[in-house]
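Breakdown of the fold
Below, each chain spelled out in residue letters.
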Amino acid sequence: MSSLPRVVDVRVLVAAASRHGSTLEIAQAIGRTLSARGLDVLTLPAEEVDAVDGFDAAVLGSAVYYGHWLEPARDLVEAHAAALASRPVWLFSSGPLGDPDHRLPPDDALDVSAQAEAVQPVEHRIFAGKLDRQALAFREKAMVAALKAPVGDFRDWEAIEAFAQSIADRLPESTSLDSGRSVDLPSEAEATRTRSCRRR
Ligand SMILES: Cc1cc2nc3c(=O)[nH]c(=O)nc-3n(C[C@H](O)[C@H](O)[C@H](O)COP(=O)(O)O)c2cc1C
């Protein structure tokens, strides 16, 4: 019998919480890029993730509402914090509209410090979001009108693609089963781990 280690695909979970769909589309774009780079990717809404044990790495994101991630993304991190902390994890937030300094609401700075603290991400990226007035609930419409929030699709697909490519650059396409399916990050990546992602 051969004792050679069995080589398996590196499995990546891409999950995002989205109220109106635009952040899930960002997750899907990231998932497509990672798949095209040879990784074995599953992309899911955050609320559909039951376990993270079968994955070697994760990319987790959320739309930002009132300065925070949506509940399904917060719950996902909280429920699987230990497993996530032992894997390479990338976080992304989608929210700012138009001018990146235009906050909605103006006093709620993005705060993902609890999530970053829990999983110790390799990196946390913030992407511009999308605001479609037609899709908003009555209260959201009132809020958006009162704050004169810019309406439109401000998502920067090039930046999203570059983020996904940078993730793929750091993950091998396959790993040996002998290594317990855990993918080791290069030390350079370790050095760039983001400990606090609190935004100004
Ligand atoms: C009521 C409301 C509150 C929002 N609060 C914030 C916020 O605090 N910070 C931010 O950057 N964006 C905020 N946004 C913008 C959303 O995050 C942005 O529209 C995002 O792309 C929506 O993603 P989704 O389509 O996945 O729900 C808010 C939008 C609405 C309608």
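Before reading on, note that the structure itself is shown above.
Residues numbered from 1 in each chain as written. Predicted model: local features only at pLDDT ≥ 70, side-chain atom pairs only at ≥ 80, totals over all residues.

So, about helix H1 (residues 22-36). Taking 1.5 Å of rise per residue, the 15 residues of H1 would be expected to cover 21 Å, and the 21 Å separating its terminal C-alpha atoms lies within 8% of that figure. Listed in full, the buried residues belonging to H1 are Ser22, Thr23, Leu24, Ile26, Ala27, Ile30, Gly31, Thr33 and Leu34. Phi turns positive, to about 95°, at Gly38, one or two residues after H1. (Helix = DSSP H or I, 4+ residues; strand = E, 2+ residues; numbered from the N terminus. Expected span 1.5 Å × (residues − 1). Buried ≥ 20, exposed ≤ 12 C-beta atoms within 10 Å, placed from the backbone.)

For the rest of this paragraph, the subject is the site of the ligand. Close to the ligand lie 27 residues; Ser18, Thr23, Ala63, Gly95 and Gly129 are nearest. Of all the secondary-structure elements, those providing two or more residues to the shell around the ligand are H1, strand E4 (57-65), strand E8 (130-131) and helix H5 (138-146). (Near = placed C-beta within 6 Å.)

Within the largest apolar cluster, 45 residues are counted, with the highest numbers of intra-cluster contacts made by Val12 and Ala58. When neighbours within four sequence positions are excluded, Ala58 is seen to be in contact with Val12, Leu13, Val52, Leu84, Arg87 and Val89. (Core = buried A, V, L, I, M, F, W, Y, C linked by C-beta atoms within 7 Å. Contact = placed C-beta atoms within 7 Å.)

Now for the packing of H1 against helix H6 (residues 157-170). One can describe the packing of H1 onto H6 by two numbers: an axis separation of 9 Å at closest approach and a directional angle of 45°. Relative to H6, the element H1 is oriented oblique. In this structure, the crossing between H1 and H6 has a hand that is right-handed. Across the interface between the two elements, Ile26, Ala29, Ile30, Thr33 and Leu34 of H1 pack against Trp157, Ile160, Glu161, Phe163, Ala164, Gln165, Ile167 and Ala168 of H6. (Axes fitted to C-alpha atoms, helices over the stretch in contact; angles between N-to-C directions. Parallel < 35°, antiparallel > 145°, perpendicular 65-115°, else oblique. Left-handed = near helix turned anticlockwise from the far one by under 90°.)

Take the pairing of strand E2 (residues 11-17) next. Where burial is concerned, most of E2 is hidden: six out of the seven residues are buried. Sheet topology note: the E2/strand E3 (residues 40-45) ladder contains six bridges and is parallel. From the neighbouring strand, Arg11 faces E3, where its bridge partner is Asp40. Handedness of the crossover is the feature at issue here: the chain leaves E2, passes through H1, returns alongside E3, and the resulting connection is right-handed. (Pairing = 2+ DSSP bridges. Right-handed = clockwise from strand over helix to strand, strands pointing away.)

What you tend to see is this: most non-glycine residues have negative phi, and most peptide bonds are trans. Residue Gln120 is not a glycine yet carries a positive backbone phi of 50°. Along the chain, the position of Gln120 falls in the loop between helix H4 (113-119) and strand E7 (123-127). In this structure, Lys148 takes a positive phi of about 50° despite not being glycine. Of note, Lys148 is situated in the loop between H5 and strand E9 (152-153). Note on Lys148: 9 C-beta atoms within 10 Å, which makes it exposed.

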